[in-house]
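One letter stands for each residue in the lines below.
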Amino acid sequence: MIQRSWKIGGLALLGYVLCMIFFVPLGPGLLEFTSTGSAGHVQDQDRKVTVYALTGFGTHWTESPDQLTVVLRHGTQLASLPLIETLDATHVLVGMDLPYTVPSKSWDVLVTHPVDGTLLLENGVFLQDRFIDEQTKWANPEIAEYPAELPFHFPYQPQILETIRNLMLHVPMWFTMFLLMGISFVASIRQLSTAHDLHQDTKAEASVQIGLLFGALGLVTGSLWARYTWGAWWVDDPQLNGALVTVLVYAGYLVLRATIQNIRLRARLSSVYNLFAFVILIILLMVLPRFSESLHPGKGGNPGFNSYDLDSSLRAVFYPAVLGWMMLGTWMYHVRLKASSIERKLRQLQ
Amino acid sequence: MNHLFFQINPLEGFFFGSGKAMVVAGVAIIILIGLGLWLFRMESRLQRLNDALDQRLNDAQNQPS
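Note that the structure is predicted; figures quoted are calculated from it, not measured.

Enquirer: In this structure, what is going on with the domain arrangement of chain A? I would like to understand it.
Expert: When the parts of a complex come together, some accessible area is lost, and that lost area is often used as the size of the interface. Considered domain by domain, chain A is made up of domain 1 (29-132) and domain 2 (162-349). Placing a centre on the C-alpha atoms of domain 1 of chain A and another on those of domain 2 of chain A gives a separation of 47 Å.

Here is the structure:
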């Protein structure tokens with residue numbers, strides 16, 4: 001009964017994760033702040049300004065449009081921009097009426113709105129046609145701050161956008177592979193210490209077979225994610241290349257086993273190979289990418305989905321996803337182990 | 001380019017709003033349940049096979065040579 005209930009629990013967790021992946025909306029954010037190249041007229045003011053278009057994602061700017069505030073920020077300096085027109089829920093036109101002398105060329109764009117709360121586009125605008133005087137100080141305007149009134153949603157991340165849902169699939173695949181390769185590593189050590197019994201060797205083989213399946217799924221989901229965020233199916237990156245080499249090293253383990261007929265020699269040699277394969281996994285996936293430049297989150301000084309940006313809504317789905325995929329992987333490993341054990345008994349009977 | 005694509009077709013619009021998310025989630029759940037049932041069935045059949053093999057191995061060992 002207990003054996004069956006943890007398996008059902010794993011499936012239930014994955015069902016919950018799939019529902020959350022498909023039904024939780026993405027929070028609002030800012031996409032672009034660009035000059036339209038035309039001059040516009042600010043309401044209530046008799047002067048012309050350069051018109052800039054602000055593009056949002058999932059924003060609600062048609063609700064209470066008069067309470068929308070667009071602000072440029074550099075350090076502690078703030079400059080409020082006049083609103084020209086709200087085109088729709090995600091597009092507004094604002095006037096750039098900063099003075100000719102500004103403290104910096106690069107400015108963050110801040111937007112406050114009663115529904116969406118405060119949104120930020122870091123280094124959203126670069127002012128080419130202004131004179132820079134870093135000593136310039138302005139009187140900061142009063143900005144009304146609104147707490148966001150949004151339902152449960154995933155956080156908006158620039159570039160990643162909707163593909164953030166892949167976090168619940170891609171990362172747990174690799175965690176499950178690590179778990180299974182860890183089981184295989186321990187089984188190989190025990191096999192080397194008990195040469196007369198081949199059960200540990202069967203365990204090591206079964207866990208590598210299922211681990212490889214999860215590794216391949218990790219590569220596929222990672223490649224899809226790379227296509228949408230980096231623009232290429234595969235990039236020359238230490239993390240990606242390391243992951244591929246690791247999968248190939250473990251595929252080599254299965255090839256090695258298939259080439260040796262003597263079962264005791266096969267168990268001993270493949271156990272030794274497996275120990276090195278696990279060390280290679282640790283080096284290629286956890287050590288080397290941290291010491292080199294990498295596009296991949298969490299490597300080479302590039303922040304991962306950790307305390308920096310893994311917010312509570314993502315945690316509520318990500319942790320069950322890790323647990324669920326690990327339970328499914330362990331279950332598949334048990335089934336594979338049972339099948340391998342039957343194969344071994346059949347060979348004994350022949 | 002991605003920004004433009006997602007902005008013209010935000011998932012909230014064509015994926016969630018059109019009800020397609022329900023279909024995709026439904027298919028994913030059906031695949032998950034199917035995988036679970038297949039694993040349960042496979043496990044019980046393997047267990048039966050294993051028990052039968054154990055019996056035959058015991059019989060073979062107990063047979064007088």
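Let's pick the thread back up.
Enquirer: What am I meant to see in the confidence of the model for chain B here?
Expert: Caution applies to low-pLDDT regions: their predicted coordinates should not be interpreted in detail. Residue and element names in this part refer to chain B. Chain-level pLDDT for chain B is 77 on average; 69% of the residues reach the 70-or-more range. Per-element mean pLDDT across chain B ranges from 44 in helix H1 (residues 2-8) up to 90 in helix H3 (residues 20-62). Between residues 1-9, whose pLDDT stays under 50, and residues either more than four places distant or in other chains, the model counts 15 contacts. The ipTM assigned to the predicted complex is 0.77, against a pTM of 0.85.

Enquirer: Is there a simple way to explain the interface of chain A and chain B in this structure?
Expert: With 37 residues of chain A at the contact, the number on the chain B side is 29 residues. Around 3,200 Å² of area is buried between chain A and chain B when both sides are counted, 75% of it from carbon and sulfur atoms. At the junction of chain A with chain B, the criterion picks out two salt bridges. For the pair chain A and chain B, the interface holds five residue pairs in polar contact (both at pLDDT 80 or more).

Enquirer: Would you explain the sheet that holds strand E6 (residues 91-96) of chain A in this entry?
Expert: One key point about sheets: their strands pair by backbone hydrogen bonds, in either a parallel or an antiparallel sense. Residues and elements named next belong to chain A. Pairing is antiparallel in the open sheet, where four strands are placed in the order E1-E2-E6-E5. Strands at the two margins of the open sheet, each flanked by one partner only, are strand E1 (29-41) and strand E5 (83-88). Averaged over all adjacent pairs, the angle separating strand axes in this sheet is 25°, with direction ignored. Across four bridges, E5 lies against E6 in antiparallel orientation. Paired with Asp88 across the strands is His91, a residue of E6.

Enquirer: It is not clear to me how helix H5 (residues 263-287) of chain A should be interpreted in this structure. Could you clarify?
Expert: An α-helix turns once per 3.6 residues; consequently, residues spaced three or four apart project the same way. When the terminal C-alpha atoms of H5 of chain A are compared, their 35 Å separation across 25 residues agrees well with the 36 Å that a helix rising 1.5 Å per residue should span. The complete set of buried residues in H5 of chain A reads Arg266, Ala267, Ser270, Ser271, Asn274, Ala277, Phe278, Leu281, Leu284 and Leu285 of chain A.

Enquirer: Hey, could you run me through the packing of aromatic side chains in this one?
Expert: The geometry of an aromatic ring pair comes down to the distance between the two centres and the angle between the two planes. Residues and elements named next belong to chain A. Within the structure shown, the criterion is met by seven aromatic pairs over all chains. Note on Phe175 and Phe318: the rings are 6.3 Å apart at their centroids and 65° apart in plane angle, and the pair reads as edge-to-face. One end of the pair, Phe175, is in helix H2 (residues 167-193); the other, Phe318, is in helix H6 (residues 312-349), and 143 residues separate them in sequence. Look at Phe175 and you get partly exposed, because its relative accessible area is 32%. Measuring from ring centre to ring centre gives 4.6 Å for Phe185 and Phe278, while their planes differ by 25°; the resulting arrangement is stacked. Here the residue Phe185 occupies a position in helix H2, and Phe278 occupies one in helix H5, the gap between them amounting to 93 residues. Residue classification places Phe185 among the partly exposed positions, given a relative accessible area of 23%. The ring of Trp233 has Arg227 sitting right over it, with the charged end atom 5.6 Å from the ring centre.

Enquirer: How should I be thinking about the side chain of Thr112 of chain A in this particular structure?
Expert: Along the chain, Thr112 of chain A turns up in strand E8 (residues 106-113). With residues near it in sequence (within four places) discarded, Thr112 of chain A still touches Gln67, Leu68, Thr69, Gly117, Thr118, Ile143, Ala144 and Tyr146 of chain A.

Enquirer: It is not clear to me how H3 of chain B should be interpreted in this structure. Could you clarify?
Expert: For H3 of chain B, which comprises 43 residues, the first-to-last C-alpha distance of 63 Å matches the rise-based estimate of 63 Å (1.5 Å per residue) to within 8%. Those residues of H3 of chain B that sit buried are Ala21, Ala25, Ala28, Leu32, Gly36, Leu39, Phe40, Glu43, Leu46, Asn50, Leu53 and Leu57 of chain B.

Enquirer: What should I look at first to understand the environment of Asp201 of chain A in this one?
Expert: All names here are of chain A. Position of Asp201 among the secondary structure elements: in helix H3 (residues 199-229). C-alpha separation for the pair Asp201 and Ile189, spaced twelve residues apart in sequence, amounts to 9.5 Å. With near-sequence residues (within four places) excluded, Asp201 lies in contact with Gln191, Tyr253, Arg257, Ala267, Ser270 and Ser271.

Enquirer: What exactly am I supposed to notice about the pairing of strand E9 (residues 117-126) of chain A here?
Expert: Residues and elements named next belong to chain A. Relative to E9, E8 runs antiparallel, the two being bridged by seven bridges. Bridging from a neighbouring strand, Val109 pairs with Leu121 of E9. Between E8 and E9, which pair antiparallel in sequence order, lie three residues.

Enquirer: Quick question: what am I supposed to make of unusual backbone geometry here?
Expert: Leaving glycine out, the prevailing phi sign among residues is negative, and the prevailing peptide bond configuration is trans. Residues and elements named next belong to chain A. The phi dihedral of Asn123 is positive, around 50°, even though this residue is not glycine. For Asn123, the location among the structural elements is in strand E9. Residues other than glycine seldom take positive phi values, yet Gln159 does so here, at roughly 70°. Structurally, Gln159 can be placed in the loop between strand E10 (131-132) and H2. Classification of Gln159 as partly exposed rests on a relative accessible area of 43%.

Enquirer: Even after reading the chapter, I still don't get the environment of Gln128 of chain A, so can you show me in this structure?
Expert: The topology assignment puts Gln128 of chain A in the loop between E9 and E10. Once the C-alpha coordinates of Gln128 of chain A and Ser313 of chain A are considered, the two residues, 185 residues apart in sequence, prove to be 39 Å apart.

Enquirer: I would appreciate a short explanation of the nonpolar core in the present structure.
Expert: Side chains of a nonpolar character, in soluble globular proteins, are inclined to be buried together. Formed by 63 residues in total, the largest nonpolar core has its most connected members in Phe154, Met168, Met177, Phe214, Tyr250 and Leu328 of chain A. Of all the elements in the fold, those that place two or more residues in this core are helix H1 (2-23), H2, H3, helix H4 (238-259), H5 and H6 of chain A together with H3 of chain B. If you tally residues by element for this core, the top one is H6 of chain A, at 14 residues. Leave out the neighbours within four places in its chain, and Tyr250 of chain A touches Met177, Met181, Val208, Leu212, Asn274, Ala277, Phe278 and Leu281 of chain A. Leu54, Ala79, Leu119 and Val125 of chain A belong to the second-largest nonpolar core, a separate cluster that totals 22 residues.

Conventions we followed
Sequence order sets the numbering: in each chain, residues are counted from 1 along the sequence as written. Labels are handed out in written order, letters beginning with A for the chains and numbers beginning with 1 for the ligands. Only residues with pLDDT of 70 or above have their local features reported here, since the model is predicted, and side-chain atom pairs are shown and tallied only from 80 upward, although totals for entire chains, interfaces and linings are computed over all residues. Excluded from the side-chain calculation are hydrogens and water; included are all heavy atoms of the structure. Domain start and stop points were drawn from an automatic or database domain assignment. Per-residue confidence from the predictor is given as pLDDT, running between 0 and 100. Per the convention used, a helix needs a DSSP run of H or I reaching at least four residues, while a strand needs a run of E reaching at least two, with both numbered from the N terminus. We call two residues in contact whenever any of their non-hydrogen atoms come within 4.5 Å of each other. By buried area we mean how much accessible surface two parts lose on assembly, using a 1.4 Å probe and totalling the loss over both. Any carboxyl oxygen of Asp or Glu that lies within 4 Å of a side-chain nitrogen of Lys or Arg is treated as forming a salt bridge with it. Polar contacts, as used here, are pairs of N or O atoms within 3.5 Å; protein pairs need one atom able to donate a hydrogen and one able to accept it. Residues neighboring in sequence count only if both atoms are side-chain atoms. At least two bridges found by DSSP between two strands are what make those strands a pair. Fitting a line to C-alpha atoms yields each axis, with helices limited to the stretch in contact; the angle taken between N-to-C directions then spans 0 to 180 degrees. An expected span of 1.5 Å times one less than the residue number is assigned to each helix. Only protein chains enter the area calculation, which uses a 1.4 Å probe; residues under 20% of their type maximum are buried, those over 50% are exposed, and those in between are partly exposed. Stacked, tilted and edge-to-face are the three classes applied to pairs of Phe, Tyr and Trp rings, where Trp contributes its six-membered ring and a pair requires centres within 6.5 Å; stacked means planes under 30 degrees apart, edge-to-face means over 60, and tilted covers the rest. A ring has a charge above it when a Lys NZ or an Arg CZ is no more than 6 Å from the ring centre and no more than 35 degrees off the ring normal. To define a nonpolar core, start from buried Ala, Val, Leu, Ile, Met, Phe, Trp, Tyr and Cys residues and group those joined through side-chain atoms within 4.5 Å.

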